[in-house]
Every structure is written in C-alpha cells, then in structure tokens.
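Remarks on the overall topology
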Amino acid sequence: MLNSFQRACAEAYGNGDFAHVQDVEEAREAGDTLFTFLMIELASSEGCSGAEEAVRRLDMALADIQGVAEAVQRGDGAAAP
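Residues numbered from 1 in each chain as written. Predicted model: local features only at pLDDT ≥ 70, side-chain atom pairs only at ≥ 80, totals over all residues. Heavy atoms only, no water.

**Observations concerning the overall build of the protein chain**
- Broken down by element type, the protein chain carries 4 helices and 0 strands.
- Element order for the protein chain, N to C, with α for helix and β for strand: α-α-α-α.
- Its C-alpha atoms give the protein chain a radius of gyration of 15 Å, more than 25% over the compact-globule value 12 Å for 81 residues.
- Within the protein chain, counting contacts between residues at least 6 apart in sequence, those at least 24 apart form 34% of the total.
- Counting every atom, the protein chain has about 5400 Å² of accessible surface; 55% of that belongs to carbon and sulfur.
- If the 5 positive side-chain charges of the protein chain are averaged to one point and the 15 negative ones to another, these points end up 4 Å apart. (Helix = DSSP H or I, 4+ residues; strand = E, 2+ residues; numbered from the N terminus. Rg over C-alpha atoms; globule rule 2.2 N^0.38 Å. Contact = heavy atoms within 4.5 Å. Areas by Shrake-Rupley, 256 points an atom, 1.4 Å probe, with all protein chains shown as cover. Lys, Arg positive; Asp, Glu negative; His and termini not counted. Charge placed at Lys NZ, Arg CZ, Asp CG, Glu CD.)

**Quick look at the pattern of salt bridges**
- Scanning the model with the defined rule gives 2 salt bridges in all.
- Glu53 is the partner of Arg56 in a salt bridge, and the nearest nitrogen-oxygen pair spans 2.7 Å. Residue Arg56 and its partner Glu53 are both found in helix α4 (residues 51–74); the two are separated by 3 residues, about one turn of the helix.
- For Arg56, a relative accessible area of 41% corresponds to the partly exposed category.
- The residue Arg57 makes a salt bridge to Glu53 at a minimum N-O spacing of 2.7 Å. With Arg57 and Glu53 both in helix α4, this residue pair falls 4 residues apart, about one helical turn. The two residues Arg57 and Glu53 agree in class, both being buried. (Salt bridge = Lys/Arg side-chain N within 4 Å of Asp/Glu carboxyl O. Buried < 20%, exposed > 50% of the residue type's maximum accessible area, 1.4 Å probe, protein only.)

What follows is the structure, given as structure tokens:
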C-alpha cells in the first residue's frame, strides 16, 4: 500500500502512466528505475513520514540530477576519442 506521497508520485510521474501502481513491488516491475527510486525514497518504511521530509528528499534528488546534467553538458567523464 502506498502512502500519500507515493500516491502523488504515481499519479504525477510520466503524465499518470504509473497511476495504477499500488505498491513498491509494482513500481519495480514497471521498469522505470527513476520512478522506482522516487517511490522508495518516499516510502514510510524509509523514514519519509511527512510532507516536509518528502519535499526535502525530492529536492535532494533534483539537485543530484541537475549536477549530473551539468556534468554531461560540460563533457565530464566523456570517453577519449
């Protein structure tokens, strides 16, 4: 069973493509690792017990993804020709 933060994620992610998901196992089976990551991060069993904590975790994920996007744009880690 999903908590309210996971339910919001399932309904919003991918324009609602994952709204049918009812638990983390179904999220894993959906095959989208970013969606699965978000569902795990927002799980009560992982200590996500309030809206403030849910937003903090999402903000951290956004910052990590933005950092990776910037590194890719700079060409960090690009294979040498």
